[in-house]
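Letter by letter, the chains look like this.
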Amino acid sequence: MEGSEIRGCAAGGWLEAGHLLGEGLRLLFTDRNGGVSRPPYATLNLADGRGDDAAAVRANRQKVACALGIGAGRLVFAQQVHGLRVTGVKMGGWGKPRTVPRCDGLYTAEPGLALAVLTADCVPLALAFPTAAVVAMLHAGWRGTLGDIAGGALRLLREGLGLAPEEARVVIGPAIGPCCYRVEEGRARLFVERYGEESGVVRENDGLRVDLSLANRVNLLQAGVRGENIHRVGGCTCCDERYFSFRREGTTGRQGAFILVQEGFGGFRGAGRRGGSAG
Ligand SMILES: [Zn+2]
């Protein structure tokens, strides 16, 4: 798909999964199609500062904002440093996309704000609390998975906003699968030590493989999320050439996972809530 063929909001064919979290929100996983970047970032690279043309990244982000029905100034990205910090975001008067420094997770109770993480094999995790109209978006590579960014985010939301993990709904987005995520012995051992029988570490003829999505599912279950409220969508980013994959390509672009609260989601409509305490 050539970027020049895409006009306005016609770009897309991207994976939508908001229905798994509740009515009144959008959950969009973009892939590499529908943008204007040139190889090796072709075409919908959403990450700036990684060697792609800044104007192309701006245009690509604009296309996603358009598909979400918001201005580009309502997009909020995390800097993503493979850490565990999760930050609350409120509406501001930004005219352009904002990047929150030094964090790997974002949450908000603000309708009209799209929280994003960018990946090229790492695991995007979208969380929603329908009764409280709070959403979060997390980035979990192998460090964030072992460090349990999901459990940390759920503790933060419980302590800060009174949100019970049992109320959370979660979508685990497209990420590298155990089919392609071969790791060295030392890293595999870290997963076995942390997860034991549930580690998802598989020994194949050509080495050890880790299932990062499964490990994140275990993190969520251990934090108190109900199994029936955890969904996985999309395939392996390394197998499926619709996606950017660092493992497959090295220098490449980043796809985005976006969660957006719309009016009418959960408790927002008519309740006048803005992220205070919740039941
Ligand atoms: Zn694969």
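See the structure above.
Note that this is a predicted model, so its numbers are computed, not measured.

Caption draft 1: How the structure looks around the overall build of the protein chain. Helix and strand counts for the protein chain stand at 6 helices and 15 strands. The buried share of the protein chain, taken over its 279 residues, is 50%.

Caption draft 2: Quick look at the pairing of strand β10 (residues 169-172). Direction of pairing for strand β8 (residues 123-129) relative to β10: antiparallel, over a ladder of 4 bridges. Paired with L125 across the two strands is I172, which belongs to β10. Bridge analysis of β10 against strand β14 (residues 230-232) gives 3 bridges, and the strand direction is parallel. Of the residues in β14, the one forming a bridge with V170 is I230.

Caption draft 3: Inspection of helix α1 (residues 54-68) at higher detail. Taking 1.5 Å per residue as the helical rise, α1 with its 15 residues ought to reach 21 Å, and the 21 Å between its terminal C-alpha atoms agrees with that figure. Inspection of α1 places A56, V57, N60, R61, K63, V64, A65, A67 and L68 among the buried residues, and these make up the whole buried set. Check the buried side of α1 and you find it contacts β2 (25-29), β3 (75-78), β7 (114-119) and β15 (255-261). The positive-phi residue at the C-terminal boundary of α1 is G69, with phi of around 75°.

Caption draft 4: Representation of the sheet that holds strand β11 (residues 182-183) in the model. Spatial ordering of the open sheet is given by β11-β13-β12, a layout of 3 strands whose pairing is antiparallel. One side of each edge strand has no neighbouring strand; the edge strands of this open sheet are β11 and β12 (202-204). By the bridge criterion, 3 bridges tie β12 to strand β13 (residues 207-209) in an arrangement that is antiparallel. For R203, the partnering residue across the bridge sits in β13 and is L208.

Caption draft 5: The arrangement of the sheet that holds β15 in detail. Ordered in space as β1-β2-β15-β7-β3-β5, the 6 strands form an open sheet in which the pairing is mixed. Edge strands, defined here as strands with exactly one partner in the open sheet, are β1 (15-16) and β5 (98-100). Of the strands in this sheet, β2, β3, β7 and β15 touch α1, which is tilted by about 35° from β15.

Caption draft 6: Representation of the pairing of β2 in the model. Of all the 5 residues making up β2, 5 are buried; the element is thus mostly covered by neighbouring parts of the structure. Burial of the side chains of β2 extends over both faces: L25, L27 and F29 are buried on one face and R26 and L28 on the other. The sheet contact formed by β2 and β15 spans 5 bridges and is antiparallel. Within β15, the residue paired with L28 across the bridge is F258.

The rules we used
- Residues numbered from 1 in each chain as written.
- Predicted model: local features only at pLDDT ≥ 70, side-chain atom pairs only at ≥ 80, totals over all residues.
- Helix = DSSP H or I, 4+ residues; strand = E, 2+ residues; numbered from the N terminus.
- Buried ≥ 20, exposed ≤ 12 C-beta atoms within 10 Å, placed from the backbone.
- Pairing = 2+ DSSP bridges.
- Expected span 1.5 Å × (residues − 1).
- Contact = placed C-beta atoms within 7 Å.
- Axes fitted to C-alpha atoms, helices over the stretch in contact; angles between N-to-C directions.

Bear in mind that shape data such as this cannot, by itself, settle questions of function.
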